[in-house]
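# Structural overview
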Amino acid sequence: MPDAEKVAAVREALPALGAGIYLNTGSVGPIPVESAAAAEEASGWELRTGRAHPDYFEIFLERMAEARAGIAAIIGADVDSIAITHATTDGMNIATWAVDWRSGDRVVTTNHEHAGGLGPLIAIRDRFGVELAFADIGDGGDDERTVAAFDAAIRPGTKLVSLSHVLWTTGARLPVDRIAAIAHERGALVVIDGAQAVGAIPVAVEETGADFYAVAGEKWLLGPEGTGALWAAPTAVERAAASNVGYFSFESIGLDGTAVLHRNARRFEASNHHRPSIVGLARSCGWLSMYVGLPWIHARGTALAHTAAERLAAIPGVELITPRARMATLVTFRIRGWSADAALAELGSRVFAIARTVPSLDAIRISVGFFNSEEEINRFANAVELLASHTPDSLPPRQRLTILGQGDA
């Protein structure tokens, strides 16, 4: 299919794109029609037939297996190494608590981590007296500085290194494989937050060097909220099993009370998943892999993101925060004279841009997807250029439609 036709077909399958310039997939992505229909069908079945029949539970187990397989295909993993979770945060918590912590142990992270990864680190610090160290990596754009910072921070007694594949703040793509190699040499486990990577850029999970890798379902995989996955290396599973860490997901339980625990990543799976959402996640993964095509998704998304970064960087008064040499599909920037909140509100009103701010940087972050058009990127950049050439006080008022007859008696 010619590129223009493919883009049109993809956009037609994502109706939310009609609501504005969709630039916030890093928070939640647009849901494909096919995924929404599959989830709605499952929800309708629950409404009409109920959820209690054993056959329905057996069918749901098949959908869980389908979701694991869909995630595994996208990150190049064995299906037995995938656990379905409720969010990236869920996966980061599982991995963090899978370590046998003792007072005086050390954990290393960056000064750019999302609360989903930082939260469990603070919890173990406060509960066990673990030393929490932050590697100062700047904006994440200089690999040598990043590696050197981790090299200095991963000292004896470090049990875990926790970091993002792509920073949610500046959008920098970190050299996780090099960092993992240092961590493993010194006896530490590695957990990677892949929320801004999986679905956006190519991820071969075993090549990252991670022991645990957390995945978001609702972002670049375009699945429902409340979904995610955790990849666990076999050695990490064995280490957790030896210390009896996990949700104790049982493979079988006999009438005499004997139980067989899962000896793969499924030991980290909890229960009570929203079944229609799991159906939607599985369908979204299949839609991306088999209908759209991952190589095309990755190539187009990163190319558009670079286009957006270059266009914004060329505007006088705009400060590009994202390091272009190490970027993925997030673009973070500031507009001189504007707070991020005020600028985003104005952009939303003028060109219906749907994006977000990064409060710690007082900056705007856009998430550029494979489904965005060149025209949208240009229209957004033109609006940014207008704001950059004015202050909030000098900006010309927006054009408004006059509704004939309004106010008449």
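Everything that follows concerns the structure shown earlier in this document.
All chains use their own residue numbering, which begins from 1 and follows the written sequence. The model is predicted, so local features are restricted to residues of pLDDT at least 70 and side-chain atom pairs to those at 80 or more, both for listing and for counting; the totals for chains, interfaces and linings are taken over all residues. Each side-chain value is derived from all of the structure's non-hydrogen atoms; neither hydrogens nor water enter the calculation.

## Comments concerning the sheet that holds strand β14 (residues 356-358)
Read across the sheet, four strands follow the order β11-β12-β15-β14 without closing on themselves; strand pairing throughout is antiparallel. For this open sheet the edge positions go to β11 (318-320) and β14, each flanked by a neighbour on one side alone. Put simply, the sheet's adjacent strands are angled 40° from each other on average, direction ignored. On top of the sheet, helix α11 (residues 340-351) reaches β12 (330-335), β14 and β15 (363-367); it is set at about 45° to β15, its chief contact. Here, two residues are considered to be in contact whenever any of their heavy atoms come within 4.5 Å of each other. Axes here refer to lines fitted to C-alpha atoms; in helices the fit is confined to the stretch in contact. Angles between the N-to-C directions go from 0 to 180 degrees. Secondary structure elements are taken from DSSP: a helix is a run of H or I of four residues or more, a strand is a run of E of two residues or more, and numbering for both begins at the N terminus. Helix α12 (residues 374-388) rests against β11, β12 and β15 of the sheet, and its axis sits at about 20° to β12. By definition, two strands form a pair when at least two bridges between them are found by DSSP.

## Let's talk about the side chain of S162
As for its placement among the helices and strands, S162 is situated in strand β5 (residues 158-164). Excluding residues that lie within four positions of it along the chain, S162 makes contacts with M92, V108, T109, T110, E113, G117, L121 and V191.

## Here's the deal with the layout of surface pockets
In this analysis a 1.4 Å probe is tested at points of a 1 Å grid over the protein atoms alone, and where it fits but cannot get out there is a cavity; an open set with protein on both sides within 12 Å along at least five of seven lines is a pocket; lining residues have an atom within 4 Å of a point. Grid points are joined across faces, edges and corners, and a volume is the space filled by probe spheres set on the points. In this structure, the second largest pocket occupies an estimated 330 Å³ of space. Forming the boundary of the second largest pocket are 14 residues, of which A38, A42, I59, R63 and V279 lie nearest the centre. Counting residues per element, the ones that place at least two in the lining of the second largest pocket are α2 (33-49), α3 (54-75) and α9 (275-292). Split by residue class, the lining of the second largest pocket holds eight nonpolar, no polar and six charged. Under the convention adopted here, Pro, Cys and the residues Ala, Val, Leu, Ile, Met, Phe, Trp and Tyr are nonpolar, Asp, Glu, Lys and Arg are charged, and Gly plus all remaining residues are polar.

## Describing the sheet that holds strand β2 (residues 82-85)
Read across the sheet, seven strands follow the order β2-β8-β7-β6-β5-β3-β4 without closing on themselves; strand pairing throughout is mixed. In this open sheet, the two strands that pair with only one neighbour each are β2 and β4 (131-135). With direction set aside, neighbouring strand axes in the sheet form an average angle of 20°. Looking at chain direction, β2 and strand β8 (residues 228-232) are connected through four bridges and run antiparallel. The residue bridging T85 from the neighbouring strand is G228, located in β8. In the packing of α3 onto the sheet, the strands contacted are β2, β7 (212-216) and β8, and the crossing angle to β2 comes to about 115°.

## Remarks on the pattern of salt bridges
Where charged atoms from two side chains of opposite charge come close, those side chains can pair. By convention in these notes, a salt bridge is any Lys or Arg side-chain nitrogen within 4 Å of a carboxyl oxygen on Asp or Glu. All told, the structure shown has 21 salt bridges when counted by the stated rule. With its nearest N and O atoms 2.5 Å apart, the salt bridge here joins R106 to E131. Residue R106 is found in strand β3 (residues 106-110), and its partner E131 is found in strand β4; the two are separated by 25 residues along the sequence. Three labels apply to residues, based on accessible area from a 1.4 Å probe with only protein chains included: buried if under 20% of the type maximum, exposed if over 50%, partly exposed otherwise in between. For R106, a relative accessible area of 5% puts it in the buried group. You can call E131 partly exposed: its relative accessible area is 40%. Each of D3, R300 and E374 takes part in salt bridges that share partners, so that together they form one network.

## A word on the nonpolar core
Counting residues in hydrophobic clusters, the biggest one holds 93 residues, and the most contacted among them are I75, V161, Y213 and F370. Leaving out residues up to four positions away in the same chain, V161 has contacts with V108, F150, I154, I179, A183, A188, L189, V190 and V191. In terms of nonpolar packing, the next biggest core, distinct from the first, is built from 33 residues, W338, A353, A355 and F380 among them. By nonpolar core we mean a set of buried residues, namely Ala, Val, Leu, Ile, Met, Phe, Trp, Tyr and Cys, connected to one another through side-chain atoms within 4.5 Å.

## Observations regarding the environment of G280
On the secondary structure map, G280 appears in helix α9. Among the residues examined, G280 registers a relative accessible area of 0% and is labelled buried. A sequence separation of 73 residues divides G280 from E207, and the C-alpha atoms of the two residues are 28 Å apart. For G280, the contacting residues outside a window of four places in its chain are S35, A39 and P224.

## Observations regarding the packing of α3 against α9
One way to put it is that α3 packs onto α9 with a least axis distance of 8 Å and a crossing angle of 35°. Considering only the axes of α3 and α9, their crossing is left-handed. Between α3 and α9, the contacting residues are Y56, F57, F60, R63, M64, E66, A67, G70, I71 and I74 on the first element and R275, I278, V279, L281, A282, C285 and S289 on the second. Split by residue class, the contact of α3 with α9 holds twelve nonpolar, two polar and three charged. Handedness of each helix crossing follows the sense of rotation of the near helix against the far helix: counterclockwise by less than a right angle gives left-handed, clockwise gives right-handed.

## Some remarks on the packing of aromatic side chains
When two rings of Phe, Tyr or Trp (its six-membered ring) have centres within 6.5 Å they constitute a pair, described as stacked for plane angles under 30 degrees, edge-to-face for angles over 60, and tilted for the intermediate range. Tallied over the entire structure, the rule returns eight aromatic pairs. Between the aromatic rings of W296 and F370, the centroid separation amounts to 6.2 Å while the plane-to-plane angle is 70°, which identifies the pairing as edge-to-face. You can see W296 sitting in helix α10 (residues 294-313) and its partner F370 sitting in the loop between β15 and α12, a full 74 residues away along the chain. Among the residues examined, W296 registers a relative accessible area of 17% and is labelled buried. Aromatic side chains F370 and F371 sit 5.2 Å apart centroid to centroid with 70° between the ring planes, which places their arrangement in the edge-to-face category. Each member of the pair F370 and F371 is classed as buried. Here the aromatic residues Y22, W296, F370 and F371 are joined through ring pairs into a cluster of three or more. In this structure, R275 is placed above the aromatic ring of F60, and the distance from its NZ or CZ to the ring centre is 5.1 Å. Geometrically, a charge over a ring is one whose NZ (Lys) or CZ (Arg) sits within 6 Å of the ring centre while staying within 35 degrees of the ring normal.

## Notes on the pairing of strand β6 (residues 189-193)
For β6, the tally of buried residues reaches five of five residues, placing the bulk of the element in the interior. By the alternation rule, side chains of β6 split into L189, V191 and D193 and V190 and I192, which are all buried. The sheet contact formed by β5 and β6 spans five bridges and is parallel. Bridge pairing in β6 links L163 to I192. A crossover counts as right-handed when, viewed with the strands pointing away from the observer, the path leading from the first strand over the helix to the second turns clockwise. Taking the sense of rotation as the criterion, the β-α-β connection linking β5, helix α7 (residues 176-185) and β6 turns out right-handed.

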